[in-house]
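# Results of the structural survey
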Amino acid sequence: EEKIKVIYNGIDVNRFRKMEVPRSDRPTVITVARIDPLKDIETYIRACDLVRKKIPDVLCKVYGPPVDEKYFKRCQKLVKELKLENNFVFAGKTSTPERAINEGDIFILTSISEAFPFAVLEAMACEKVVVSSDVGGVKEVLEGYGFLIKPKDYKSFADRIIYLFENPSVLAEMSIASRERVLNGFRIEDMVNNYRENYMSLAGKLYRAYG
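One structure accompanies this document, and this report is about it. (Residues numbered from 1 in each chain as written. Predicted model: local features only at pLDDT ≥ 70, side-chain atom pairs only at ≥ 80, totals over all residues. Heavy atoms only, no water.)

Attention now moves to the pattern of salt bridges. For the structure on display, the rule yields 12 salt bridges. Note that Glu-114 is salt-bridged to Lys-39, the shortest N-O span being 2.6 Å. One end of the pair, Glu-114, is in the loop between strand E4 (106-109) and helix H4 (118-125); the other, Lys-39, is in the loop between strand E1 (28-32) and helix H1 (41-54), with 75 residues separating them in the sequence. The same class applies to Glu-114 as to Lys-39, namely buried. When the shortest N-O distance is used, the salt bridge between Glu-42 and Arg-74 registers 2.9 Å. Of the two residues, Glu-42 sits in helix H1 while Arg-74 sits in helix H2 (residues 69-81), which places them 32 residues apart along the sequence. Judged by relative accessible area, Glu-42 falls into the buried class, the value being 17%. Since its relative accessible area comes to 45%, Arg-74 is described here as partly exposed. (Salt bridge = Lys/Arg side-chain N within 4 Å of Asp/Glu carboxyl O. Helix = DSSP H or I, 4+ residues; strand = E, 2+ residues; numbered from the N terminus. Buried < 20%, exposed > 50% of the residue type's maximum accessible area, 1.4 Å probe, protein only.)

As structure tokens, then:
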């Protein structure tokens, strides 16, 4: 175990940044995720329903392809059952996630399983506060800078979203801190430098041992 060293993924912080894009003037929650059971879009929908009861004009959007058609239909049915047609939008696949993320005020990730998702880093780099399920390595970047929620706990997801919308100064402060977090260790340059330093260190050990 003492020989293991983690090298985190890095992202392009020039591409993923806060930018002006056409968007609704409604309080907006965004996710960028494929529509399948692992992403647990149903929890997102149920959270949206609870938020809507406190913030009637909230808009919840999901950008991503429906890779599981049966599950997609189940999600669409749930939206109709909860009468969320005016609050929840399946926006389809996007080739510009940086623009999609900037359409929102808050980014949500409701997955029941992840490794170390790029989406969290990308949203933080765009100065969005992330509310995410506590899975995989998410807490290693998000803890202290966003909110970690037990998977499937849609009530807690809703509570955090409502809290942020009702406290705009907190939302603004956390948004700026989110990008700073990514700039300090999660850029492409950081990843490349970490690989280089590790290779050089290993090469040095080999040289001393066999040179």
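Having seen it, we continue.
Now for unusual backbone geometry. For Asp-40, which is not glycine, the phi dihedral falls at a positive 50 degrees. Summarising the element assignment, Asp-40 is placed in the loop between E1 and H1. Positive phi, close to 55 degrees, is recorded for Lys-83, a residue that is not glycine. Relative to the elements of secondary structure, Lys-83 occurs in the loop between H2 and strand E3 (88-92).

Turning to the packing of aromatic side chains, a few remarks are in order. Geometrically, a pair of aromatic rings is defined through the distance of the ring centres and the angle of the planes. Enumeration according to the criterion identifies 8 aromatic pairs in this entry. For the pair Tyr-44 and Phe-88, a centre-to-centre distance of 5.0 Å together with 65 degrees between the ring planes defines the contact as edge-to-face. In this pair, Tyr-44 is assigned in helix H1 and Phe-88 in strand E3, connecting sequence segments 44 residues apart. Each of the two residues, Tyr-44 as well as Phe-88, counts as buried. Each residue in the set Tyr-44, Phe-72, Phe-88 and Phe-90 is aromatic and connected to the rest through ring pairs, giving one cluster. (Phe/Tyr/Trp six-rings, centres within 6.5 Å; stacked < 30°, edge-to-face > 60°.)

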